[in-house]
Amino acid sequence: MTAQTIQDELVSAIRTIKDYPKEGILFRDITTLLGDARAFRRAVDALVQPWAGSKVDQIAGIEARGFILGGAVAHQLSAGFVPIRKKGKLPHETVRIAYSLEYGLDEMEMHKDAIKPGDRVILVDDLIATGGTAEAACKLLRSMGANIEAACFIVDLPDLGGRKKLEAMNVPVRTLVEFPGH
């Protein structure tokens, strides 16, 4: 039996759902990866590997799958966790940013006291597609004085250009697997 690469293992653990949420889309569902203890552990280990032993102050996770991954990454790196949520979901004083979606505008926010100027922060989410949400999260974090060390995702959909959008903002991007198309 040949050893399976981490990329092969993660790709095989991610379910693809055709025509969801609309016709022509291949939805990459990481809930199957999260349910596979070995694949989940390997994904988290691979995401944190470049920063093992270095100082990271906060992991910022984008609602909702970014909370699951970000919490695990924060634990591994002994860092704090900052949730970035949809408008109106956080109970304390917040800072907010509006961003474009393919069908309009949305807003995300975080607690105003979650990041201190100079904090070293890694942004985490499950997937990067067009990059609009991650770009807005990076702008929000920087508005609070964060030094964004990287943005990490399990899945990259490179045909949609999100990675390039973040790299143009001088945000290093780490992804574990790529899928063609959208």
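Definitions and limits used
- Residue positions within a chain follow its written sequence, with the count starting from 1.
- Selection of residues for local features in this predicted model requires a pLDDT of at least 70, selection of side-chain atom pairs for listing and counting requires 80 or more, and totals for whole chains, interfaces and linings are taken over all residues.
- Water and hydrogen atoms were dropped before computing side-chain values, which therefore reflect all heavy atoms in the structure.
- UniProt positions are given in the numbering used here, feature names are shortened, and annotations may be inferred rather than shown by experiment.
- Runs of H or I in DSSP of at least four residues are treated as helices and runs of E of at least two as strands, each being numbered from the N terminus.
- Radius of gyration means the value over C-alpha atoms here, while the globule rule gives 2.2 Å times the residue count to the 0.38 power.
- The protein chains shown are the only cover counted for residues, whose accessible areas, like all others here, come from Shrake-Rupley with a 1.4 Å probe.
- Only four residue types enter the charge count, namely Lys and Arg as positive and Asp and Glu as negative; His and the chain termini do not.
- Charged side chains are reduced to one point each, which is NZ for Lys, CZ for Arg, CG for Asp and CD for Glu.
- Note on terminology: a nonpolar core comprises buried Ala, Val, Leu, Ile, Met, Phe, Trp, Tyr and Cys residues joined through side-chain atoms within 4.5 Å.
- For every residue, the accessible area (1.4 Å probe, protein chains only) is compared with the maximum for its type, and the residue is labelled buried under 20%, exposed over 50%, or partly exposed between those bounds.
- Each residue after the first adds 1.5 Å to the expected span of a helix.
- Each C-beta atom gives one direction from the helix axis, and the arc is the one those directions make.
- Aromatic contacts are taken between Phe, Tyr and Trp rings whose centres are within 6.5 Å, Trp giving its six-membered ring; a plane angle under 30 degrees counts as stacked, one over 60 as edge-to-face, and the others as tilted.
- For two strands to pair, DSSP has to find at least two bridges joining them.
- Should any heavy atoms of two residues lie within 4.5 Å, those residues are considered in contact.
- Any pair of N or O atoms that falls within 3.5 Å is considered a polar contact. Within protein, one atom must be able to donate a hydrogen and the other to accept it, and sequence-neighbouring residues count only if both atoms are side-chain atoms.

Under the annotation held in an unreviewed UniProt entry, the protein chain carries the name Adenine phosphoribosyltransferase and is attributed to Roseibium aggregatum. One UniProt comment on the protein chain, placed under Sequence similarities (unreviewed entry), says "Belongs to the purine/pyrimidine phosphoribosyltransferase family." The UniProt entry for the protein chain carries the following comment under Pathway (unreviewed entry): "Purine metabolism; AMP biosynthesis via salvage pathway; AMP from adenine: step 1/1."

Q: What exactly am I supposed to notice about the overall build of the protein chain here?
A: Counting secondary structure elements, the protein chain contains six helices and nine strands. Against the globule reference of 16 Å for 182 residues, the protein chain gives a C-alpha radius of gyration of 16 Å, in line with a compact fold. Once the C-alpha set of the protein chain is aligned to its principal axes, its extents read approximately 50 × 40 × 30 Å. For the protein chain, the computed accessible surface area is about 9300 Å², with 51% contributed by carbon and sulfur atoms. Of the side-chain charges in the protein chain, 23 are positive and 24 negative, and the distance between the mean point of each set is 2 Å.

Q: Help me understand the nonpolar core in this model?
A: One recurring pattern in soluble globular proteins is that nonpolar side chains are buried together. Formed by 31 residues in total, the largest nonpolar core has its most connected members in Leu33, Ile59, Leu77 and Ile154. Residue assignment for this core shows that the elements contributing at least two residues are helix H1 (6-13), helix H2 (31-34), helix H3 (37-48), helix H4 (65-77), strand S7 (120-128), strand S8 (147-156) and strand S9 (173-178). When residues of this core are assigned to their parent elements, the largest contribution, six residues, is made by H3. Listed in part, the 29 residues of the second largest apolar core include Leu123, Ile128, Ala134 and Ala137.

Q: In this structure, what is going on with the environment of Ala52? I would like to understand it.
A: As for its position among the elements, Ala52 is in the loop between H3 and strand S3 (58-62). Residue Ala52 is classed as exposed on the basis of its relative accessible area, which comes to 56%. Residues Ala52 and Arg65, 13 residues apart in the sequence, show an inter-C-alpha distance of 22 Å.

Q: Please clarify how H4 should be interpreted in this entry.
A: Because an α-helix packs 3.6 residues into every turn, residues spaced three or four apart end up facing the same way. In this model H4 runs 18 Å from its N-terminal to its C-terminal C-alpha over 13 residues, within 8% of the 18 Å that 1.5 Å per residue would give. Taken together, the buried positions of H4 are Gly66, Leu69, Gly70, Val73, Ala74 and Leu77. Seen end-on, H4 carries its buried residues on one side only, within an arc spanning 135°. Just beyond H4, the residue with positive phi is Ser78, at close to 55°.

Q: It is not clear to me how the packing of aromatic side chains should be interpreted in this structure. Could you clarify?
A: The geometry of an aromatic ring pair comes down to the distance between the two centres and the angle between the two planes. This structure, assessed with the given rule, holds two aromatic pairs. Centre to centre, the rings of Tyr20 and Phe27 are 5.2 Å apart; their planes meet at 85°, and the pair counts as edge-to-face. Judged by relative accessible area, which is 23%, Phe27 ranks as partly exposed. Considering the side-chain rings of Phe67 and Phe81, the 6.0 Å spacing of their centres and the 85° angle between planes classify their relative orientation as edge-to-face.

Q: I keep staring at the pairing of strand S6 (residues 104-111) and nothing clicks. Help me out?
A: Every regular strand shows the same layout, with side chains that alternate between the two sheet faces. Here two bridges tie strand S4 (residues 80-86) to S6, and the two strands are oriented antiparallel to one another. Opposite Arg85, over in S6, you have Glu109 as the bridge partner. In this structure, strand S5 (residues 94-101) lies alongside S6, joined through eight bridges in antiparallel fashion. Directly across from Ala98, in S6, lies its bridge partner Glu107.

Q: What am I meant to see in the environment of Arg120 here?
A: Within the secondary structure, Arg120 is located in strand S7. The exposure class assigned to Arg120 is partly exposed, which follows from its relative accessible area of 28%. Sequence-distant contacts of Arg120, that is, excluding residues within four places in its chain, are made with Lys55, Val56, Asp57, Gln58, Asn147 and Glu149. For Arg120, the side chain forms a polar contact with the main-chain oxygen of Lys55, separated by 2.8 Å. Side chain to side chain, Arg120 and Glu149 meet in a polar contact 3.2 Å long.

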